[in-house]
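Architecture and fold: a report
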Amino acid sequence: RRLPVLPSGAGSKWDIREKVWEHLEASGLAEFPRPVHGRIPNFKGSLQACCSLRELDVFSRAREVKVDPDKPLEGARLAALQARKTLLVPTPRLRTGLFNRIVPPPGATKEVLRKCATSQGVREYSVPVGLDGKAQVDLVVVGSVAVSEKGWRIGKGEGYADMEYAMMVSMGAVQEDTPVVTIVHDCQVLDIAEELLGDHDLTVDYILTPTRTIQTNCKRPKPQGIMWHKVSSEMLGKIPILKTLRSREKQAGKDVTLQDEHPALANTSRAALSNKKVMAANTQPRAAPGSAPVGQPHVGSDPVNPRLEGSDTITAVYVGNLPASLRVSELKSALRELQVVPVRLNWQGAEHRAFLEYRDKGAADRAVSSLQGLSLGGNALRAELAKSQRNKG
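The following refers to the structure shown. Because the structure is predicted, anything quoted here is derived from the model rather than measured. Each residue is numbered by its place in its chain's sequence as written, counting from 1. Given that the model is predicted, a residue must reach a pLDDT of at least 70 before its local features are reported, and side-chain atom pairs must reach 80 or more before they are shown or counted; all residues, however, enter totals for whole chains, interfaces and linings. Water and hydrogen atoms were dropped before computing side-chain values, which therefore reflect all heavy atoms in the structure.

1. Brief notes about the overall build of the protein
Worth spelling out the cut-off: Only DSSP runs of H or I covering at least 4 residues are called helices, and only runs of E covering at least 2 are called strands; the numbering of each starts at the N terminus. Only protein chains enter the accessibility calculation, which uses a 1.4 Å probe. A residue is then buried if its area is under 20% of the maximum for its type, exposed if over 50%, and partly exposed in between.
When helices and strands are tallied, the protein shows 12 helices and 16 strands. When the 393 residues of the protein are sorted by exposure, 52% land in the buried category.

2. Focus on the packing of aromatic side chains
Stated precisely, the cut-off is as follows: Each pair of aromatic rings taken from Phe, Tyr and Trp, with Trp reduced to its six-membered ring, is defined by centres within 6.5 Å and is described as stacked if the planes are under 30 degrees apart, edge-to-face if over 60, and tilted in the remaining cases. Any Lys NZ or Arg CZ found within 6 Å of a ring centre and within 35 degrees of that ring's normal is scored as a charge over the ring.
The tally for this structure, following the rule as stated, stands at two aromatic pairs. The positively charged end of Lys85 is found above the aromatic ring belonging to Phe59, 4.9 Å away from the centroid. Lying across the ring of Trp14, Arg336 places its NZ or CZ 3.4 Å from the centre.

3. Some remarks on the side chain of Ser329
Worth spelling out the cut-off: Polar contact is the term for a pair of N or O atoms within 3.5 Å; when the atoms are in protein, one must be able to donate a hydrogen and the other to accept it, and sequence-neighboring residues count only if both atoms are side-chain atoms. Residue contacts follow a heavy-atom distance rule, with two residues in contact if any of their heavy atoms lie within 4.5 Å.
Mapped onto the elements of the fold, Ser329 is located in helix α11 (residues 328-337). Owing to a relative accessible area of 8%, Ser329 belongs among the buried residues under this scheme. Polar side-chain contacts of Ser329 include one of 3.3 Å to the side chain of Ser12. Not counting residues up to four positions away in its chain, the partners in contact with Ser329 are Ser12, Trp14 and Arg336.

4. Looking at the nonpolar core
Operational definition: By nonpolar core we mean a set of buried residues, namely Ala, Val, Leu, Ile, Met, Phe, Trp, Tyr and Cys, connected to one another through side-chain atoms within 4.5 Å.
In terms of nonpolar packing, the biggest core is built from 49 residues, with Leu53, Leu139, Val141, Val181 and Ile183 touching the most fellow members. Leave out the neighbours within four places in its chain, and Val141 touches Leu53, Val65, Lys66, Val67, Asp68, Leu73, Ala76, Val181 and Ile183. If you look at the next biggest cluster of nonpolar residues, it comprises 37 residues, including Leu131, Met171, Ile207 and Val256.

5. Concerning the sheet that holds strand β10 (residues 213-215)
Backbone hydrogen bonds hold the strands of a sheet together, and the pairing may be parallel or antiparallel. Put simply, the rule is: Here, any two strands with at least 2 DSSP bridges between them count as paired. To obtain each axis, a line is fitted to C-alpha atoms, and for helices this fit is confined to the stretch in contact; angles are then taken between N-to-C directions over 0 to 180 degrees.
A sheet is described by the order of its strands in space; here eight strands give the open sequence β4-β3-β2-β1-β5-β8-β9-β10, paired in mixed fashion. Each edge of the sheet is formed by a strand with only one pairing partner; in this case those strands are β4 (126-129) and β10. Ignoring strand direction, the axes of neighbouring strands in this sheet form an average angle of 25°. In this sheet, strand β5 (residues 139-142) lies alongside strand β1 (residues 64-67) in parallel orientation, the contact comprising three bridges. Opposite Val65, over in β5, you have Leu139 as the bridge partner. In this fold helix α4 (residues 74-82) packs onto β1, β2 (86-90), β3 (99-102), β5 and β8 (180-183), with an angle of close to 150° to the strand it touches most, β2. Along the sheet face, helix α7 (residues 160-170) touches β1, β2, β3, β5 and β8 and points at about 150° away from the line of β1.

6. Some details on the sheet that holds strand β12 (residues 344-348)
Taken in spatial order, the four strands make up an open sheet running β12-β13-β11-β16, and their pairing is antiparallel. The sheet is open, and its two borders are formed by β12 and β16 (382-385), each paired with just one other strand. Across the sheet, the axes of successive neighbouring strands diverge by a mean angle of 20°, strand direction being ignored. Docked against the sheet, α11 engages β12 and β13 (353-358), running at close to 145° with respect to β12. Seen against the sheet, helix α12 (residues 361-371) touches β11 (315-320), β13 and β16 and runs at an angle of roughly 160° to β16.

7. Examining the pairing of β5
With burial as the criterion, each face of β5 is covered, one bearing Leu139 and Val141 and the other bearing Val140 and Val142. By the bridge criterion, three bridges tie β5 to β8 in an arrangement that is parallel. Paired with Val141 across the two strands is Val181, which belongs to β8.

What follows is the structure, encoded as structure tokens:
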């Protein structure tokens with residue numbers, strides 16, 4: 001039986017992510033860990049969807065399987081272990097390397113294998129795989145927030161799955177024809193406009209849901225390696241193994257100029273944002289306990305306290321000189337990167353402005369400091385405390 005699929009439609013990647021997260025929560029399909037906002041969402045029926053992996057020929061033939069550490073993929077990790085395949089799991093946020101190889105103890109029972117497939121088991125039974133570990137991945141399993149039947153994939157917005165794949169290409173662990181599978185709920189299968197995809201975005205060959213197995217026959221090329229011009233100095237600092245790969249590729253004669261080192265990109269929004277982020281990290285204190293969660297990707301009405309709008313403690317920030325071409329998703333992305341996410345965003349793009357609402361004046365002051373003069377879409381933004389201190393929209 002085909003389950004109802006979310007209404008499709010134009011919108012940014014962030015619009016699509018928020019639509020999926022909100023639908024999963026509102027429909028009772030979301031599972032632990034919750035809320036699913038900001039995550040690769042776990043959903044009811046994930047184990048059933050993962051079981052379909054065993055029926056794929058590409059799984060039967062695979063010897064080494066790479067499965068992301070997300071909760072809804074636990075069943076896929078278990079399937080690989082039960083089939084006695086080599087299971088590789090990326091290290092969280094790539095902080096300590098690229099992969100961990102999961103090595104169950106000799107004579108492991110079904111219960112031990114189940115534990116090995118969990119995040120705790122991955123920690124307890126894993127062995128790091130270095131760049132010279134000669135991994136040869138035969139099948140890649142990734143989580144998604146949304147995916148189309150054509151194979152276009154949208155992740156949670158941090159870019160780690162795309163980066164993992166690019167790093168695997170760079171170290172020779174995957175080939176052009178290495179199949180990629182994603183496992184989602186039926187409602188996460190949506191129409192996605194191809195223009196939303198970048199050349200760094202990973203596409204998928206198979207989609208498994210609780211009710212369907214979809215072969216996408218996707219012809220769009222997968223990333224051919226690390227696109228250094230899209231990597232910021234900040235990301236390089238967060239991912240040690242990336243530095244090693246960069247050094248190797250530089251020695252091999254490749255152009256490894258970073259995003260914020262490109263003179264030609266100096267005036268683009270991304271480069272300006274990267275520079276601003278570095279400055280903000282050096283000069284701004286961390287968000288106060290009363291402010292919006294740092295890095296929380298959901299920008300909109302505060303989910304915890306819907307009556308927040310009526311509070312007198314809200315401080316509004318006016319952001320002006322927004323370019324006509326700017327999308328609300330791009331402003332949201334900038335706010336996340338600068339770690340000044342508001343509890344509410346009132347977008348007035350037609351008037352080239354937006355109002356951001358913060359729980360306290362300290363958070364609002366940090367937002368003004370971080371946003372003032374930031375270049376987005378070629379325009380230097382104007383940011384100041386709103387005259388009325390409140391905007392009731």
